[in-house]
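Chain by chain, the residues:
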Amino acid sequence: MTNKQAFLEAKKYIPGGVDSPVRAFGSVGEDPLIIDHGKDEFLYDIEGKQYVDYVLSWGPLIFGHCEKDIENAVINTAKKGLSFGAPCLLETELAKLVLSKFEWLDKIRFVSSGTEATMSAIRLGRGFSGKDGIVKFEGCYHGHSDSLLVKAGSGATTFGYSSSLGVPEDIVKNTHLATYNDLESVEKCFKNADIGVIIVEPIAGNMGLVPGNLEFLEGLRKICDKFGAVLIFDEVMSGFRASATGSYEFNKIKADIITFGKVIGGGMPCAAYAGKKEIMDLISPLGGVYQAGTLSGNPVAMAAGLASLNKIYATPNLYDELGKKSKFIIDTLQSSANEAGIPLQTDMRGSMWGYFFNENPVKNYADALKSDTKMFAKFHAQMLKRGIYLAPSQFETSFVCTKLSKDSLDKTASAVKESFKAL
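Cut-offs applied
Residues numbered from 1 in each chain as written. Predicted model: local features only at pLDDT ≥ 70, side-chain atom pairs only at ≥ 80, totals over all residues. Heavy atoms only, no water. UniProt positions renumbered as here; feature names shortened; annotations may be inferred. Helix = DSSP H or I, 4+ residues; strand = E, 2+ residues; numbered from the N terminus. Buried < 20%, exposed > 50% of the residue type's maximum accessible area, 1.4 Å probe, protein only. Contact = heavy atoms within 4.5 Å. Domains from an automatic or database assignment. Buried area = accessible area lost by both parts, 1.4 Å probe. Axes fitted to C-alpha atoms, helices over the stretch in contact; angles between N-to-C directions. Parallel < 35°, antiparallel > 145°, perpendicular 65-115°, else oblique. Left-handed = near helix turned anticlockwise from the far one by under 90°. Nonpolar A, V, L, I, M, F, W, Y, C, P; charged D, E, K, R; others polar. Core = buried A, V, L, I, M, F, W, Y, C linked by side-chain atoms within 4.5 Å. Expected span 1.5 Å × (residues − 1). Phe/Tyr/Trp six-rings, centres within 6.5 Å; stacked < 30°, edge-to-face > 60°. Lys NZ or Arg CZ within 6 Å of the ring centre and 35° of its normal. Pairing = 2+ DSSP bridges. Salt bridge = Lys/Arg side-chain N within 4 Å of Asp/Glu carboxyl O.

## Structural notes on the UniProt feature "modified residue: N6-(pyridoxal phosphate)lysine" (unreviewed entry) in the protein chain
Those residues carrying the UniProt feature "modified residue: N6-(pyridoxal phosphate)lysine" (unreviewed entry) are Lys262 in this numbering. By the element assignment, Lys262 lies in the loop between β13 (257-260) and β14 (271-275). Lys262 sits in the partly exposed class, given a relative accessible area of 27%. Among all residues touching Lys262, those that are not within four sequence positions of it are Trp58, Gly59, Pro60, Val236, Met237, Gly267 and Cys270.

Below, the structure is given as structure tokens:
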């Protein structure tokens, strides 16, 4: 069966043929690959073709596909039971391990997805601050819970308008939109409403890779301190990806709550939110903020997370080596684009890297939307044809893994140069 045939069959039974929208390849005008298996830095589709993978399940596979230690941890734990809906020792072990690198965070609660983590963190932040208003930023994605599926109105600060059918306007009326890397837009939100929570990706990865600048992030901390609001750093993507302490390595800012995901599950569904004791103790059963989940802290996900983080901590110079790979790729992209006379912007943070077909630097969502998505689609098709699997959207982040070899990097560099020439 070909990829095309398999996708046509999937569309008969699954809405759009996919279980998450970006997988449909709609923004690049192609049919998606149907994956058979992965190994190390490679994906293999059902037609038997091999691709160097820079999506890596959207981030969690920092050690590549089928890493033996993580795989063995999952298999051995699964033999004892997939889920108990009851406490297990692995939960405490992983909690201690995550918190060991974040000395200002006291407690952590595990959930099964990034959406659960951010949704719960916001509920907790509202409960602690006693205020309903939240500020989020255009272009920052925090999962698909109702109050976060909003887009900006005519101005930078306005009441939110639902950007998904099925989300009542009453739900999003307390969500205020601000502009990323723009403190003035945040200050206007606080002047116009009683804000109890700011949630932000300190290293935005869902409008393409757009890091928050230091002045902006420091300003958010000061605003929250001034108004008694809770600062939430959504590090579902950047946590243990940008560095062993996520964005903290770059900004040294202590958020009140941090959400984690991706890497702490080692490829299994796992996420978490962590904070100071006085905040976290408001969660049920200790306090009045309710959150629950049968599969939260299940032993298989905990085992995968432990294997993943233990391997991170045991690997000397891990982020230096990953950073060198990211740097090689963005340097190749930039030089090839320059040679071809095609405007391109690149950036990286540790094992995360991104690029925009854009004449100007990208600092926020409005900047990102000015990118040439048609050129991106053409480039994506050229790279895919040459065996390089990139995120099928201009507004996503790419990743490298430890298994990425010199041969695969050289293959990528050749594909980049050839693709720009073809453009």
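## Focus: the domain arrangement of the protein chain
Taken as a whole, the protein chain is organised into domain 1 (3-66 + 317-407 + 414-422) and domain 2 (68-314). For domain 1 and domain 2, the distance between their C-alpha centres works out to 25 Å. Of the residues lining the interface, 30 residues belong to domain 1; the matching set on domain 2 comes to 32 residues. A buried area of about 2,400 Å², summed over both sides, lies between domain 1 and domain 2, and 65% of it is on carbon and sulfur atoms.

## Concerning the packing of helix α2 (residues 68-78) against helix α10 (residues 299-314)
Running from N to C, α2 and α10 cross one another at 155°; their axes reach a closest spacing of 8 Å. Taken together, the axis directions place α2 and α10 in an arrangement best described as roughly antiparallel. As for how α2 packs across α10, the hand of that crossing is right-handed. When α2 is examined against α10, the residues Asp69, Ile70, Ala73, Val74, Thr77 and Ala78 are found in contact with a partner set consisting of Pro299, Val300, Ala303, Ala304, Ala307, Ser308 and Lys311. Here the residues of the contact of α2 with α10 are counted per class, giving nine nonpolar, two polar and two charged.

## A short note on the nonpolar core
Formed by 108 residues in total, the largest nonpolar core has its most connected members in Tyr54, Phe137, Ile198, Phe240, Phe260 and Trp353. Here this core spans two domains, and each of domain 1 (3-66 + 317-407 + 414-422) and domain 2 (68-314) adds at least three residues to it. The next biggest cluster of nonpolar side chains, apart from the first, holds 18 residues, and it includes Leu148, Tyr273, Ile279 and Val289.

## Overview of helix α11 (residues 318-340)
The first and last C-alpha atoms of α11 sit 34 Å apart over 23 residues, in line with the 33 Å expected at 1.5 Å per residue. For α11, the full list of buried residues reads Leu318, Tyr319, Leu322, Gly323, Lys325, Ser326, Ile329, Ile330, Thr332, Leu333, Ser336 and Ala337. For α11, the secondary structure elements touched by its buried residues are α10, β15 (345-349), β16 (352-356), α13 (373-385) and α14 (406-422). Positive backbone phi, approximately 70°, marks Gly341, located one or two places after α11.

## Considering the packing of aromatic side chains
One pass over the structure, following the stated rule, counts 21 aromatic pairs. Taken together, a centroid distance of 5.9 Å and an interplanar angle of 40° make the contact between Phe240 and Phe260 tilted. With Phe240 in the loop between β12 (230-235) and α8 (248-251) and Phe260 in strand β13, this pair connects stretches of sequence that are 20 residues apart. Accessibility assignment for this pair places Phe240 and Phe260 in one class, buried. Aromatic ring contacts, followed pair by pair, group Tyr54, Trp353, Tyr355, Phe357, Phe376, Phe379 and Phe420 into a single cluster. The cationic tip of Lys101 hangs over the ring face of Tyr313; the distance from NZ or CZ to the ring centre is 4.8 Å.

## Here we look at the sheet that holds β15
Reading across the sheet, the three strands line up as β15-β16-β18 and stay open at both edges, with antiparallel pairing between neighbours. For this open sheet the edge positions go to β15 and β18 (398-399), each flanked by a neighbour on one side alone. Note: β16 against β18, two bridges, orientation antiparallel. Bridge assignment links Trp353 to a residue of β18, and that residue is Ser398. The strands that α11 touches are β15 and β16; relative to β15, the one it contacts most, it runs at about 180°.

## Topic: unusual backbone geometry
Here the amide bond leading from Ser284 into Pro285 is cis, since omega sits at 15°, within 30 degrees of zero. Here Pro285 is to be found in the loop between α9 (277-280) and α10. Of note in the backbone geometry, Phe240 takes a positive phi value of approximately 65° without being a glycine.

## Quick word on the pairing of β14
Along β14, five of the five residues are buried, which leaves the element largely enclosed by surrounding structure. Side chains Ala271, Tyr273 and Gly275 project from β14 onto one buried face, and the interleaved Ala272 and Ala274 project onto a second face that is buried too.

## Notes on the pattern of salt bridges
For the coordinates displayed, the defined rule picks out 15 salt bridges. In this structure, the salt-bridge partner of Arg386 is Glu418, at a minimum N-O distance of 2.9 Å. Of this pair, Arg386 sits in the loop between α13 and β17 (388-389) while Glu418 sits in helix α14, placing them 32 residues apart in sequence. Here the residues in one salt-bridge network are Arg221, Asp225, Asp256 and Lys276, joined through shared partners.

## A short note on the packing of α13 against α14
Here α13 crosses α14 at 135°, and the two axes come no closer than 9 Å. Regarding the angle of α13 to α14, the classification is oblique. Viewed along their axes, α13 and α14 form a crossing whose handedness is right-handed. Residues Phe379, Gln382 and Met383 of α13 pack against Thr412, Ala415, Val416, Ser419, Phe420 and Ala422 of α14. Each residue belonging to the contact of α13 with α14 can be placed in one class, and the counts come to six nonpolar, three polar and no charged.

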